[in-house]
Amino acid sequence: MKELICLRKERLVIRVPEEVDHCFADEVRETVDRILQTENVSILEFDFKDTIFMDSSGIGLLMGRCKLMKSLGGEVVITNAGERIRKILILSGIHKIIPIGREK
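Definitions and cut-offs
- Residues numbered from 1 in each chain as written.
- Predicted model: local features only at pLDDT ≥ 70, side-chain atom pairs only at ≥ 80, totals over all residues.
- Heavy atoms only, no water.
- Buried < 20%, exposed > 50% of the residue type's maximum accessible area, 1.4 Å probe, protein only.
- Helix = DSSP H or I, 4+ residues; strand = E, 2+ residues; numbered from the N terminus.
- Arc of directions from axis to C-beta.
- Contact = heavy atoms within 4.5 Å.
- Polar contact = N/O pair within 3.5 Å; in protein donor to acceptor, adjacent residues only side chain to side chain.
- Pairing = 2+ DSSP bridges.
- Axes fitted to C-alpha atoms, helices over the stretch in contact; angles between N-to-C directions.

## Some remarks on helix H3 (residues 83–92)
Each full turn of the α-helix corresponds to 3.6 residues, which orients residues three or four apart in the same direction.
Here comes step 1: Along H3, the positions that sit buried rather than exposed are Ile85, Arg86 and Leu89. Looking straight down H3, one finds its buried side chains confined to an arc of 100°; they lie on one side. Seen from the buried face of H3, the exposed residues on the opposite side, beyond 90 degrees, are Glu83, Arg84, Lys87 and Leu91.
Here comes step 2: Where H3 is buried, its residues touch strand E5 (53–54), helix H2 (56–71) and strand E6 (75–79).
Here comes step 3: Once H3 finishes, Gly93 follows within two positions and takes phi at roughly 90°, a positive value.

Pasting the structure below:
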């Protein structure tokens with residue numbers, strides 16, 4: 001999990017793997033929440049560069065972290081979402097609450 005999470009100053013970057021399922025979502029949720037309790041994070045970035053599949057647990061993960069970051073005065077951003085993931089994010093309505101950025 002450590003290789004998927006990188007803290008850069010006040011930006012916590014999650015490199016999302018090829019497939020997002022409930023196992024990954026649960027592990028990230030626990031790890032991110034632990035980091036947010038101890039570090040000063042203002043931006044939580046989910047980098048979907050390598051992701052081709054995401055189920056509803058991924059949507060729940062994004063929504064929950066968005067709510068948590070807002071309560072802490074921060075924000076969540078999505079980067080590098082390919083066409084398939086972008087479509088899932090739009091169909092789920094996530095794009096209305098979390099900005100979907102372009103590729104870096």
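## Some details on the side chain of Thr79
Here comes step 1: Among the secondary structure elements, Thr79 is positioned in strand E6.
Here comes step 2: A polar contact of 2.8 Å, which involves the side chain of Thr79, links it to the side chain of Glu45.

## Considerations on the sheet that holds strand E1 (residues 5–8)
Here comes step 1: One open sheet accounts for four strands, arranged E1-E2-E4-E6; its pairing is mixed. If you trace the sheet from one side to the other, it starts and ends with E1 and E6, each paired once. Averaged over all neighbouring strand pairs, the angle between strand axes comes to 20°, with direction disregarded.
Here comes step 2: Examined bridge by bridge, strand E4 (residues 43–47) and E6 share five bridges and lie parallel to one another. Pairing of Leu44 across the sheet is with Val76, part of E6.
Here comes step 3: Here helix H1 (residues 22–38) sits on the sheet in contact with E1, strand E2 (11–15) and E4, set at roughly 165° to E2.

## Some words on the environment of Ile85
Here comes step 1: Along the polypeptide, Ile85 turns up in helix H3.
Here comes step 2: Classification of Ile85 as buried rests on a relative accessible area of 1%.
Here comes step 3: Remark: the alpha-carbon pair of Ile85 and Phe48, spanning 37 residues in sequence, is separated by 7.8 Å.
Here comes step 4: In contact with Ile85, other than residues within four places in its own chain, are Phe48, Thr51, Ile52, Phe53 and Met54.

## Focus: the pairing of E2
Here comes step 1: Bridging between E1 and E2 involves four bridges; their strand directions are antiparallel. Counterpart to Leu7 in the pairing with E2 is Leu12.
Here comes step 2: Taken together, E1 and the strand that follows it, E2, pair antiparallel across an intervening segment of two residues, in which Lys9 is found at a positive phi of about 55°.
Here comes step 3: Two strands pair when backbone bridges link them, and E2 and E4 are joined in this way by five bridges, in the parallel orientation.

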